[in-house]
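Here are the chains, one letter per residue:
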Amino acid sequence: MKNKLSIGQFSKKSGVTQRALRVYEELGLLVCEKRSESGYRIYDESQLERASQIKKFKHLGFTLEQIKALLISDSSLNSEKLKNLF
């Protein structure tokens, strides 16, 4: 699977626990591209950037609901752009 990652692989590459990934997916912050035949989550590698954004926003003290609102309002938003707003 080129550019496709299991939840375990995605967790290792992103530095986000599998449990957190499930919560992020439940809240609509991350999108699991599909499920394998056995029901495992399969993520596209492009979601790694989104996971990185979420981690940075959490580090800045934002709640997951605030992060969701920020990303919905501007999907290109990143921590540098956010710092420049303030």
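What counts and how
Residues numbered from 1 in each chain as written. Predicted model: local features only at pLDDT ≥ 70, side-chain atom pairs only at ≥ 80, totals over all residues. Heavy atoms only, no water. Helix = DSSP H or I, 4+ residues; strand = E, 2+ residues; numbered from the N terminus. Expected span 1.5 Å × (residues − 1). Contact = heavy atoms within 4.5 Å. Axes fitted to C-alpha atoms, helices over the stretch in contact; angles between N-to-C directions. Parallel < 35°, antiparallel > 145°, perpendicular 65-115°, else oblique. Left-handed = near helix turned anticlockwise from the far one by under 90°.

1. Re helix α3 (residues 47-59)
Phase 1: Given a rise of 1.5 Å per residue, 13 residues ought to cover 18 Å, and the 19 Å separating the end C-alpha atoms of α3 matches this to within 8%.
Phase 2: Once α3 ends, the next one or two residues include Gly61, with phi positive near 100°.

2. Thoughts on the environment of Leu48
Phase 1: Assignment of secondary structure puts Leu48 in helix α3.
Phase 2: Here the alpha-carbon distance between Leu48 and Gly15, two residues 33 residues apart in the chain, equals 9.6 Å.
Phase 3: Ignoring anything within four residues of it in the chain, the contact list for Leu48 reads Leu5, Phe10, Lys13 and Ser14.

3. Observations regarding the packing of α3 against helix α4 (residues 64-73)
Phase 1: The interhelical angle for the contact between α3 and α4, taken along N-to-C directions, is 130°, at an axis separation of 10 Å. The angle between α3 and α4 falls in the class oblique. As α3 packs across α4, the resulting crossing turns out to be right-handed. Here α3 contributes Arg50, Gln53, Ile54, Phe57 and Lys58 to the contact with α4, which in turn contributes Leu64, Ile67 and Leu71.

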